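Understanding the architecture of this molecule
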Amino acid sequence: MHRNKQIAIILPDTLQSIGLQSLLTDYFPPVEVCYFPAFEIFNAAGGNDAFDYYFTSPDIMVLNADFFLPRRSKTTVLIDGGEGIGGISTTNHITIKASQEIIIEQLQQLFTSDSSAYTVGENSKDLSSRETDVLQLIVKGITNKEIADKLNISLNTVLTHRKNITAKLGIKTVSGLTFYAIMNGIISGDDIEL
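Description of the structure in this document. (Residues numbered from 1 in each chain as written. Predicted model: local features only at pLDDT ≥ 70, side-chain atom pairs only at ≥ 80, totals over all residues. Heavy atoms only, no water.)

1. Here's the deal with the packing of helix α7 (residues 129-139) against helix α8 (residues 144-151)
Condition: Inter-axis angles, ranging from 0 to 180 degrees, are taken between N-to-C directions of lines fitted to C-alpha atoms, where helices are fitted over the stretch in contact. Per the convention used, a helix needs a DSSP run of H or I reaching at least four residues, while a strand needs a run of E reaching at least two, with both numbered from the N terminus. Geometric relationships in this document are graded by angle, where less than 35 degrees denotes roughly parallel, more than 145 denotes roughly antiparallel, 65 to 115 denotes roughly perpendicular, and other angles denote oblique. When the near helix sits turned anticlockwise from the far one by under a right angle, the crossing is termed left-handed; a clockwise turn instead gives a right-handed crossing. In this description, contact between two residues means that some pair of their heavy atoms is separated by no more than 4.5 Å.
Running from N to C, α7 and α8 cross one another at 130°; their axes reach a closest spacing of 10 Å. Considering the angle they form, α7 stands oblique to α8. Note on packing geometry: the crossing formed by α7 with α8 is right-handed. Across the interface between the two elements, Arg130, Asp133, Val134, Leu137 and Ile138 of α7 pack against Ile147, Lys150 and Leu151 of α8.

Structure follows, in structure tokens:
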């Protein structure tokens, strides 16, 4: 007997939620979809590990990283695709501004991929410990000069570390680096000033 996929959609945008629910039920049956317009409502309804998949926005994910990080392999973030795709490459994502065919393809990849093999820090192992230190300070909004002073290294060394981090991760924006750092447990969402 085949069990229905249990899916939680936690999105403030009603139209996105309805569209996603429609795609899921039309193209990937059998599914049972529950919609929550806010994480607080999801949590109050007993939000737990009863769901096989979670679909949410980057904002909700970052603000509730303590819930989503341990469930990163079951979580999919809806992004507009306009910036920093590299920052999201460490987690499942759907590009909402893509065509229906591409979104369905992304959903198909999500449901057929074996993302359970993903482990915490798997993608961050390429960063040296100093690069990780620099990344932590970058996402906290500290300037290059302040990073140099804080780590007792030269400004050129900070710039070299930044260049290496960008090259290794393929992420060029601070917001992308921030998302990467949170998703890989390098920094807590609480450490970031919004």
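2. Remarks on the nonpolar core
Convention followed: Buried Ala, Val, Leu, Ile, Met, Phe, Trp, Tyr and Cys residues that are joined via side-chain atoms within 4.5 Å together make up what is termed a nonpolar core. Whether a residue is buried, partly exposed or exposed follows from its accessible area with a 1.4 Å probe, protein chains only, as a fraction of its type maximum: under 20%, in between, or over 50%, in that order.
Ranked by internal contacts, the top residues of the largest apolar core, which has 39 residues, are Ile10, Phe42, Tyr54, Phe68, Leu135, Ile147 and Leu177. For this core, the element with the most residues is helix α10 (residues 174-183), which contributes 6 residues. Residue contacts for Phe42: discarding those within four places in its chain leaves Ala8, Ile10, Phe36, Gly47, Asn48, Phe51, Tyr54 and Phe67. Membership of the second largest hydrophobic core comes to 18 residues, among which are Leu23, Val33, Ile94 and Phe111.

3. Comments concerning the environment of Gly185
Take Gly185: it is sitting in the segment after α10. Overall, Gly185 belongs to the partly exposed group, its relative accessible area being 48%. In this structure, the C-alpha to C-alpha distance between Gly185 and Leu69, residues 116 residues apart in sequence, is 7.7 Å.

4. Section: the packing of aromatic side chains
The cut-off we apply is this: We call Phe, Tyr and Trp rings a pair once their centres come within 6.5 Å, taking the six-membered ring for Trp, and we label the pair stacked below 30 degrees between planes, edge-to-face above 60, and tilted otherwise. The rule for a charge over a ring is simple: NZ of Lys or CZ of Arg within 6 Å of the ring centre, and within 35 degrees of the ring normal.
For the structure on display, the rule yields 14 aromatic pairs. Ring plane angle 45° and centroid distance 6.0 Å describe the contact between Phe42 and Phe51, whose orientation is recorded as tilted. Grouping residues by exposure puts Phe42 and Phe51 together as buried. Three or more aromatic residues link up through ring pairs in this structure, and these residues are Phe36, Phe39, Phe42, Phe51, Tyr54, Phe67 and Phe68. Note that Lys5 overlies the ring of Phe111, its terminal NZ or CZ placed 5.0 Å from the centroid. Lying over the aromatic face of Phe67, Arg71 brings its terminal NZ or CZ to 3.9 Å of the ring centre.

5. Observations concerning the sheet that holds strand β2 (residues 31-36)
Filter applied, for reference: Each pair of strands is called paired provided DSSP finds at least two bridges between the two strands.
Spatially, 5 strands are ordered β2-β1-β3-β4-β5 in an open sheet, and the strand pairing comes out parallel. Two strands in the sheet have a free side with no partner beyond their single neighbour: β2 and β5 (92-95). The sheet shows a mean angle of 20° between the axes of neighbouring strands, direction not considered. Across 3 bridges, the pairing between strand β3 (residues 53-56) and strand β4 (residues 75-79) is parallel. Looking across to β4, one finds that Tyr54 is bridged to Thr75.

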